[in-house]
Amino acid sequence: MPSPLPITDENIDRAAESLRTGELVAFPTETVYGLGADATNDRAVAKIYEAKNRPHFNPLIVHCPDAESARQLVEFSAFAEAFTQQFWPGAISFILPRRRDSPLSLLLSAGLPTVAIRVPADERARRLLRAARVPVAAPSANSSGRISPTTAAHVEADLGDRVSLILDGGACTLGVESTVVDLTVSPPALLRQGGVTQETLEAVLGSPLSSSLAEDGQPKSPGMLASHYAPSLPVRFLAGSKQPGEAYLGFGPSTDADLNLSSAGDLTEAAANLFSYLHQLDDPRWTRIAVAPIPEEGLGRAINDRLRRAAAPRA
Ligand code: TXA
Ligand code: MG
């Protein structure tokens, strides 16, 4: 089992070489740790699904070191060009049409004619992507349905025996996944709440985003499936206080909290702590995780989205 390696030039080169030879590499981004593979190599991409035990219909995000590299893979309209430029590099992935001559694996986007693509803000992630010289498919580096990893230790505990190499960049600064925005429809559609807030997007757009749900009421993004982010213990959402046997995840001033996302009530701090604290409270010492209400604004939307799914009845 590989121990996490510190980020040095030498280890970045090793990781890049592993990616080019079709191996899985876990690496930090500003959102969560990614489980990376060469996005042009179907077998490497298949290893991701296998390692994660992920349903094949769940398409992956492609990571590029810059917008220039992204242009080799997907079609940019003039609007997409201007809009993506406002947000990249950053915690946001855009759905764009696959180019006809795109070298990307078909498995990667689970048969869809579109691809989710992102230029991460984390400078170390971009160093790796540049060194790899191939686009990198990377879902969050956790087994399917488990909590997303925000430290190298989370990755090691969950997938350590299934990756070639783990780069250790410390704790992720944001702690929630990228926002997913579909630019193939007009107005753009918000498919997943994440690090870039809906308010910010709508301010830049100057108008509301369209809904993330199709006419039949089903989520357009398979990642929006109800119980996607589930700890092993049941989760009780909007809990004003702690009941016997429960672990209590607080927000704002609280004397009940076993862990507090942010005692100061800061949503950015809460997002950074979210997955790490859910990991810590997901322990047989308790029978359930109760979570304090979080304001439905800014990053609070992404946090609530994850919590709602963690609390959703299991299939
Ligand atoms: O922050 C992040 O986005 C992390 C880091 C590693 O970059 N990655 C991540 O990937 O969260 P993943 O695979 O866990 O989430 C991919 C999301 C899912 O909600 C998926 O359904 C959606 O993107 N997605 C991918 N391709 C799509 C497509 N062509 N159309 C619609 N949704 C797509
Ligand atoms: Mg995930």
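Per-chain numbering applies: the sequence of each chain, read as written, is numbered from 1 onward. Written order decides the labels, with chains lettered from A and ligands numbered from 1. In keeping with the model being predicted, local features are shown solely for residues with a pLDDT of at least 70 and side-chain atom pairs are shown and tallied solely at 80 or more, while totals for entire chains, interfaces and linings include all residues. For the side-chain quantities, the full set of heavy atoms in the structure was used; hydrogens and water were omitted.

1. Digging into the side chain of T84
Along the polypeptide, T84 turns up in helix α4 (residues 78-87). Exposed residues in this analysis have more than 50% of their type's maximum accessible area, buried residues have under 20%, and partly exposed residues fall in between, with area computed by a 1.4 Å probe over protein chains only. Note on T84: relative accessible area 3%, which makes it buried. A distance of 3.2 Å separates a polar side-chain atom of T84 from the backbone oxygen of E81. Contacts are assigned to residue pairs that have any heavy atoms within 4.5 Å of one another. Setting aside anything within four residues of it in sequence, one finds T84 in contact with F76, F94 and L183. The way it works is that DSSP assigns letters per residue, a run of H or I at least four long becomes a helix, a run of E at least two long becomes a strand, and they are numbered from the N terminus. Within 3.5 Å is the distance limit for a polar contact, defined as a pair of N or O atoms, with the added protein rule that one can donate a hydrogen and the other accept it, and that residues adjacent in sequence qualify only through two side-chain atoms.

2. Points about the nonpolar core
What tends to happen in soluble globular proteins is that the nonpolar side chains get buried as a cluster. By size, the foremost hydrophobic cluster in this structure holds 77 residues, and its most contacted members are V62, F94, L108, I117 and L201. Ranked by residues supplied to this core, first place goes to helix α8 (residues 267-281) with 8 residues. Setting aside anything within four residues of it in sequence, one finds L201 in contact with F83, F87, I92, T179, V181, L190, V196 and L209. In this structure, V25, A125, A131 and V136 belong to the second largest nonpolar core, which totals 17 residues. What is meant by a nonpolar core is a set of buried Ala, Val, Leu, Ile, Met, Phe, Trp, Tyr and Cys residues, joined one to another through side-chain atoms within 4.5 Å.

3. Digging into unusual backbone geometry
That bond from W88 to P89 is cis: its omega, -5 degrees, falls within 30 degrees of zero. Following the sequence through the fold, P89 ends up in the loop between α4 and β5 (92-97). A cis amide bond links S186 with the next residue in sequence, P187, at an omega value of -5 degrees. By secondary structure assignment, the location of P187 is in the loop between β9 (179-182) and β10 (189-192). Backbone geometry at R133 places phi at a positive 60 degrees, although glycine is not the residue there. Despite not being glycine, L238 has its phi angle at roughly 55 degrees, a positive value. Relative to the helices and strands, L238 resides in the loop between β11 (235-236) and β12 (246-250).

4. Some points on the pairing of strand β8 (residues 165-168)
Two strands pair when backbone bridges link them, and strand β1 (residues 5-6) and β8 are joined in this way by 2 bridges, in the parallel orientation. Note on β8: the bridge partner recorded for L5 is L167. By definition, two strands form a pair when at least two bridges between them are found by DSSP. Direction of pairing for strand β2 (residues 25-27) relative to β8: parallel, over a ladder of 2 bridges. The residue bridging V25 from the neighbouring strand is L165, located in β8.

5. Quick notes on the pattern of salt bridges
Only one rule defines a salt bridge in this text: a Lys or Arg side-chain nitrogen within 4 Å of an Asp or Glu carboxyl oxygen. Under the criterion given, the structure shown has 18 salt bridges. Here R162 and D161 are joined by a salt bridge, their closest N and O atoms 3.5 Å apart. Residue classification places D161 among the exposed positions, given a relative accessible area of 58%. Here R306 makes a salt bridge to E177, at a shortest N to O gap of 2.9 Å. With R306 in helix α9 (residues 299-311) and E177 in the loop between β8 and β9, the pair connects residues that are 129 residues apart, well separated along the chain. Each of the two residues, R306 as well as E177, counts as buried.

6. Notes on the packing of aromatic side chains
Think of it this way: a Phe, Tyr or Trp ring, Trp meaning its six-membered ring, pairs with another when their centres are within 6.5 Å, and the plane angle makes it stacked under 30 degrees, edge-to-face over 60, tilted otherwise. For the coordinates displayed, the defined rule picks out 6 aromatic pairs. Pairing F79 with F83 gives two aromatic rings, centres 5.3 Å apart and planes at 15 degrees, and the pair type is stacked. Here the residue F79 and the residue F83 both occupy positions in helix α4, the gap between them amounting to 4 residues, near one helical turn. Given the relative accessible area of 40%, F79 is considered partly exposed.

7. Digging into the state of the cysteines
A pair of sulfur atoms, both from cysteines and within 2.5 Å, is called a disulfide here. A complete count under the given rule lists 0 disulfides for this structure. Between C64, a cysteine without a disulfide, and C172, which holds the nearest cysteine sulfur, the sulfur-to-sulfur distance is 19 Å.

8. Considering the side chain of T31
Tracing the sequence through the fold places T31 in the loop between β2 and β3 (34-38). Of the polar contacts made by the side chain of T31, one reaches the side chain of R118; its length is 3.1 Å. When residues no more than four places from it in sequence are discounted, the contact partners of T31 are A91, R118, T150, C172, L174, G175, V176, E177 and S178.

The values reported here are purely geometric and, on their own, carry no functional implication.
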